[in-house]
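Listed below are the residues making up each chain.
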There are 2 protein chains.
Amino acid sequence: MGVFGSIRVLRLRAGFWESIKSGLLKDDTTQVIETSPEPQVEEPLPEEFVLIEKTQPDGAIEQIIFSSGGDVDVYDLQSLCDKVGWPRRPLSKLAAALKNSYMVATLHSIRKSPEPEGGDQKKLIGMARATSDHAFNATIWDVLVDPSYQGQGLGKTLVENIIRALLQRDIGNITLFADSQVVEFYRNLGFEPDPEGIKGMFWYPKF
Amino acid sequence: MGVFGSIRVLRLRAGFWESIKSGLLKDDTTQVIETSPEPQVEEPLPEEFVLIEKTQPDGAIEQIIFSSGGDVDVYDLQSLCDKVGWPRRPLSKLAAALKNSYMVATLHSIRKSPEPEGGDQKKLIGMARATSDHAFNATIWDVLVDPSYQGQGLGKTLVENIIRALLQRDIGNITLFADSQVVEFYRNLGFEPDPEGIKGMFWYPKF
């Protein structure tokens, strides 16, 4: 056994994956997957779909749209980060991070005016993104929802749908690093802290 | 403050980064980095260099080479994984994971024969790889060293050098998930478990 196996236990969990009946996950340990009978898979979700639609007092219709297509304007994202009070990051790095994330999931509010010429107003109200090796693992970062849209379960829906989109791409090992105050939030979504004693660790520079 | 901020505390650590004097890390919070005086940076390491060179009893010279260039044959990697007892993974997924890792660091043994016509023998003896958003964060996976080369500090050197290579690319947030039995190994390399209460979490499918 390799003593340097930070990921070893995860691979031992392959037996665990094998017992999954949902068909969403293929068995990572199978060498010859081609000859296996195709499991029943859930109907793939579209990249973009309406989560909520409601009519406002002025007759306008507001839709909340989920998308896993990664279409985010970096200025809109900075503005959203400002709203939740995150320290600013250089826009060039933020743009690079978006470009090089495996998945960028968003929530947009689209307000359709009741006036015939009124047009639509589209606003970014939530985001989550994931880095990945495109094969085995994904790590979710930067989950945020506009404070004026919080309290209606949109954060939960956002994370549930990014999980679903990752599973549909056959990513079996979905991880994240949760602040202490959101550990319960993620636990309710099916995330387990320190499973089998595995520790999330951060490198700190020595002085 | 966003309640869904899995990464919020990490960003608060920007103040922490600001205090770093090594010059290896740029300050993520600075919007206008162009006008700042260039910090003293360490001489960049070459992508590939000799870690150890020793003469064997038969006069052959063995070099251990570190590389962050990602040149790994997937069959060689599978053979190395077999040696440390990891369950097999589909080669096509392993190849995809290598291709889509931000950094693949390797240790090779090169044996130079004492015979003039003997030629060199090159063997993969260690690997570590990292996923990343190419901007803020990197997560190290699959750290392994050939059992017959363990016990001489090569795992430590491998991880130290992948950290250094990531820092040189201005990746400030380096993370991993450590099995319980290797937490101390990584702690000695400067990794902290659960800093500020941040928890590593894994998604488990519900039945």
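Thresholds applied
- Residues numbered from 1 in each chain as written.
- Chains lettered and ligands numbered in written order.
- Predicted model: local features only at pLDDT ≥ 70, side-chain atom pairs only at ≥ 80, totals over all residues.
- Heavy atoms only, no water.
- UniProt positions renumbered as here; feature names shortened; annotations may be inferred.
- Salt bridge = Lys/Arg side-chain N within 4 Å of Asp/Glu carboxyl O.
- Helix = DSSP H or I, 4+ residues; strand = E, 2+ residues; numbered from the N terminus.
- Buried < 20%, exposed > 50% of the residue type's maximum accessible area, 1.4 Å probe, protein only.
- Contact = heavy atoms within 4.5 Å.
- Pairing = 2+ DSSP bridges.
- Right-handed = clockwise from strand over helix to strand, strands pointing away.
- pLDDT = per-residue confidence, 0-100.
- Axes fitted to C-alpha atoms, helices over the stretch in contact; angles between N-to-C directions.
- Parallel < 35°, antiparallel > 145°, perpendicular 65-115°, else oblique.
- Nonpolar A, V, L, I, M, F, W, Y, C, P; charged D, E, K, R; others polar.
- Polar contact = N/O pair within 3.5 Å; in protein donor to acceptor, adjacent residues only side chain to side chain.

Per an unreviewed UniProt entry, the recorded name for chain A is N-acetyltransferase domain-containing protein, and the organism is Quercus rubra. Its UniProt record gives chain A a comment under Sequence similarities (unreviewed entry), which states: "Belongs to the acetyltransferase family."

## Describing the pattern of salt bridges
A full pass over the atoms with the stated rule returns 24 salt bridges over all chains. Notably, a salt bridge pairs Asp146 of chain A with Lys83 of chain A, separated by 3.2 Å at the nearest N-O pair. Of this pair, Asp146 of chain A sits in the loop between strand E5 (137–145) and helix H5 (154–168) while Lys83 of chain A sits in helix H3 (residues 74–83), and the two are 63 residues apart along the sequence. When its relative accessible area of 3% is taken as the criterion, Asp146 of chain A is described as buried. Under the relative-accessibility criterion, Lys83 of chain A is labelled partly exposed at 41%. With a closest N to O distance of 2.9 Å, Arg129 of chain B and Asp133 of chain A form a salt bridge. On the criterion of chain membership, the pair formed by Arg129 of chain B in strand E4 (residues 120–132) and Asp133 of chain A in the loop between strand E4 (120–132) and E5 is interchain, its members lying in two chains. Owing to a relative accessible area of 2%, Arg129 of chain B belongs among the buried residues under this scheme. Relative accessible area serves as the criterion here: at 0%, Asp133 of chain A is assigned to the buried category. The network of salt bridges with common partners includes Arg89, Arg129 and Asp142 of chain A together with Asp133 of chain B.

## Quick word on the environment of Ile162 of chain B
All names here are of chain B. Tracing the chain through its elements places Ile162 in helix H5 (residues 154–168). Of the residues examined, Ile162 reaches a relative accessible area of 0% and is grouped as buried. Taking the C-alpha atoms as reference points, Ile162 and Ile140, separated by 22 residues in sequence, lie 8.8 Å from one another. With near-sequence residues (within four places) excluded, Ile162 lies in contact with Phe66, Met103, Ala105, Ala128, Arg129, Ala130 and Ile140.

## Description of the pairing of E5 of chain A
Residues and elements named next belong to chain A. The element E5 is extensively covered by neighbouring structure, given that nine of its nine residues are classed as buried. Here E4 runs beside E5; their pairing, made up of six bridges, is antiparallel. If you follow Arg129 over to E5, its bridge partner there is Trp141. Pairing of E5 with strand E6 (residues 173–178), which is carried by four bridges, proceeds in the parallel orientation. Looking across to E6, one finds that Thr139 is bridged to Thr175. Taken together, E5, H5 and E6 form a β-α-β motif whose crossover is right-handed.

## Re the confidence of the model for chain A
Detailed reading of the predicted coordinates is not advisable wherever pLDDT is low. The predicted model of chain A has a mean per-residue pLDDT of 83, with 78% of residues at 70 or higher. Across residues 1–40 of chain A the pLDDT falls below 50, and counting only partners more than four positions away or on other chains, this stretch makes 98 contacts in the model.

## Some thoughts on the packing of H3 of chain A against helix H4 (residues 91–99) of chain A
Residues and elements named next belong to chain A. Following both chains from N to C, one finds H3 and H4 inclined at 105°, their axes separated by 10 Å at the closest point. Accordingly, the angle class assigned to the pair H3 and H4 is roughly perpendicular. Contacts between H3 and H4 involve Val74, Tyr75, Leu77 and Gln78 from the former and Leu91, Leu94, Ala95 and Leu98 from the latter. When grouped by side-chain class, the residues that make up the contact of H3 with H4 number seven nonpolar, one polar and no charged.

## Side note on unusual backbone geometry
For residues that are not glycine, phi is negative in most cases, and the peptide bond is trans in most cases. All names here are of chain B. The phi torsion at Asp170 lies on the positive side, around 70°, for a residue other than glycine. Tracing the backbone through its elements, the reader meets Asp170 in the loop between H5 and strand E6 (173–178). One non-glycine residue with positive phi stands out, namely Asp194, at about 45°. One can find Asp194 in the loop between strand E7 (191–193) and strand E8 (199–203). With a relative accessible area of 17%, Asp194 lands in the buried category.

## A short note on the side chain of Ser101 of chain A
All names here are of chain A. Residue placement: Ser101 occurs in the loop between H4 and strand E3 (103–112). Taking the relative accessible area as the measure of exposure, Ser101 reaches 9% and is therefore buried. Reaching out from Ser101, the side chain makes a polar contact with the backbone oxygen of Ala97 at a distance of 2.7 Å. There is a polar contact of 3.0 Å between the side chain of Ser101 and the side chain of Arg129.

## Focus: the sheet that holds strand E2 (residues 61–67) of chain A
Pairing in this open sheet of eight strands is mixed, and the strands run E1(A)-E2(A)-E3(A)-E4(A)-E5(A)-E6(A)-E8(B)-E7(A) from one edge to the other. Two strands lie at the open edges of the sheet, namely strand E1 (48–55) and strand E7 (191–193) of chain A, each paired on one side alone. Ignoring which end each strand starts from, the neighbouring axes of this sheet average 25° apart.

## Details of the sheet that holds E4 of chain B
Overall, mixed pairing links the eight strands, which are arranged E1(B)-E2(B)-E3(B)-E4(B)-E5(B)-E6(B)-E8(A)-E7(B) in an open sheet. On the outer flanks of this sheet lie strand E1 (48–55) and E7 of chain B, each paired with one strand and no other. Along the sheet, successive strands turn relative to each other by an average axial angle of 25°, direction set aside. Sheet strands in contact with helix H3 (residues 74–83) of chain B are E4 and strand E5 (137–145) of chain B, and its direction is about 85° off that of E4 of chain B.

## A closer look at the environment of Gly70 of chain B
Residue and element names in this part refer to chain B. Of note, Gly70 is situated in the loop between strand E2 (61–67) and H3. Since its relative accessible area comes to 31%, Gly70 is described here as partly exposed. For the pair formed by Gly70 and Ser101, sequence separation is 31 residues and the distance between their alpha carbons is 8.8 Å.

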